[in-house]
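# Structural characterization, general
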Amino acid sequence: MNGQIHPAAPHHLPFFVSGPDGDDTLMVVMGIFLLVTILYVGTLYWKLHSLPERMAHKSQKLQFEVVAVLGLISLFTHMHIFWIAGLLLAMIDLPDFSTPLRTIAGSVERIADATPPRPVPPPEPDEVAAAEEGQGHA
């Protein structure tokens, strides 16, 4: 090896061709680019996947737990219908039936004066003894 370049070889190589020292600059740059792209796309995927859960949590929906479970099911089964159902459920305001029913029940109790009776205190021991003596002499 005399170290001279062959006369038919080009004297200037482009940057993406690795030199004789084995330094492949393009591979290093593309590796870093690929790693950053994978991290960015993964983060975007997780944000998109948790969108229904974040929407339901932000608006304090009653069905938050159901939306969260639908999101987990869609994540583990890869069936997108669960994610769509969770998204639709997060967008819908379910009516609150329990609060008006409790209010109606309280009003009916007040109208009917349905207060529970007070417990009768137990009799004192002297009264119990006197009642037993009265029953024994009769």
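A brief report on the enclosed structure follows. (Residues numbered from 1 in each chain as written. Predicted model: local features only at pLDDT ≥ 70, side-chain atom pairs only at ≥ 80, totals over all residues. Heavy atoms only, no water.)

### Here's the deal with unusual backbone geometry
Using the following cut-off: Every helix listed is a DSSP run of H or I at least four residues long, and every strand listed is a run of E at least two residues long, numbered separately from the N terminus. Buried means the residue's accessible area, taken with a 1.4 Å probe over protein chains only, is under 20% of the maximum for its type, while exposed means over 50%, and partly exposed covers the values in between.
The phi dihedral of His78 is positive, around 60°, even though this residue is not glycine. Checked against the element boundaries, His78 lands in the loop between α3 (64–77) and α4 (80–91). With a relative accessible area of 61%, His78 lands in the exposed category.

### Some details on the packing of helix α1 (residues 25–49) against helix α2 (residues 51–58)
The test is simple: In this description, a line fitted to the C-alpha atoms serves as the axis of each element, helices being fitted only across the stretch in contact, and the angle between N-to-C directions of two axes falls anywhere from 0 to 180 degrees. The labels follow the angle: roughly parallel below 35 degrees, roughly antiparallel above 145, roughly perpendicular from 65 to 115, and oblique for the rest. Contacts are assigned to residue pairs that have any heavy atoms within 4.5 Å of one another.
Their axes nearest at 4 Å, the elements α1 and α2 cross at an angle of 45°. With respect to α2, the axis of α1 lies oblique. Contact residues: Lys47, Leu48 and His49 in α1; Leu51, Pro52 and Arg54 in α2.

### Here's the deal with the packing of α2 against α4
Stated formally: The sense of a crossing depends on the near helix, which, turned anticlockwise from the far helix by less than a right angle, makes the crossing left-handed and, turned clockwise, makes it right-handed. Gly is put with the polar residues, along with every residue not named as nonpolar or charged; the nonpolar set is Ala, Val, Leu, Ile, Met, Phe, Trp, Tyr, Cys and Pro, and the charged set is Asp, Glu, Lys and Arg.
Two elements in contact, α2 and α4, have axes whose closest approach is 8 Å; the angle formed by their N-to-C orientations is 20°. One finds that α2 runs roughly parallel with respect to α4. Crossing angle aside, the handedness with which α2 passes α4 is left-handed. The residues of α4 that touch α2, namely those facing Leu51, Pro52, Met55 and Ala56, are Trp83, Gly86, Leu87, Ala90 and Met91. Taken together, the residues that form the contact of α2 with α4 break down as eight nonpolar, one polar and no charged.

### Points about α4
Threshold: Working rule for helices: expected span equals 1.5 Å times residues minus one. To obtain the arc, one takes the directions from the helix axis to the C-beta atoms.
In this model α4 runs 17 Å from its N-terminal to its C-terminal C-alpha over 12 residues, within 8% of the 16 Å that 1.5 Å per residue would give. Three or more residues of α4 are buried, namely Trp83, Gly86, Leu87, Leu89 and Ala90. All buried residues of α4 project into a common sector of 165° when viewed along the axis, lining one side. Turned more than 90 degrees off the buried face of α4, the exposed positions are Ile81 and Met91. At its buried positions, α4 is contacted by α1, α2 and α3.

### Let's talk about the nonpolar core
Put simply, the rule reads: Residues grouped as a nonpolar core are buried Ala, Val, Leu, Ile, Met, Phe, Trp, Tyr and Cys residues, joined through side-chain atoms within 4.5 Å.
In this structure, Ala56, Val67, Leu70, Leu89 and Ala90 together form the largest nonpolar core, which totals five residues. Broken down by secondary-structure element, the contributors of at least two residues to this core are α3 and α4. Sequence-distant contacts of Leu89, defined by excluding residues within four places in its chain, comprise Gln63, Val66, Val67 and Leu70.

### A short note on a nonpolar patch on the surface
Applicable threshold: Like-charged residues within 9 Å of one another, or nonpolar side chains (Val, Leu, Ile, Met, Phe, Trp, Tyr) within 5 Å, are grouped into patches, provided each residue has over 30% relative accessible area and no salt bridge. Values of accessible area rely on a 1.4 Å probe in the Shrake-Rupley scheme; residue burial ignores everything except the protein chains shown. The salt bridge criterion pairs a side-chain nitrogen of Lys or Arg with a carboxyl oxygen of Asp or Glu, the two atoms within 4 Å.
On the surface, Leu13, Phe15, Phe16, Val17, Leu26, Val29, Met30 and Phe33 cluster together to form a nonpolar patch covering roughly 790 Å² of accessible area. When you line up the elements, Met30 lands in helix α1.

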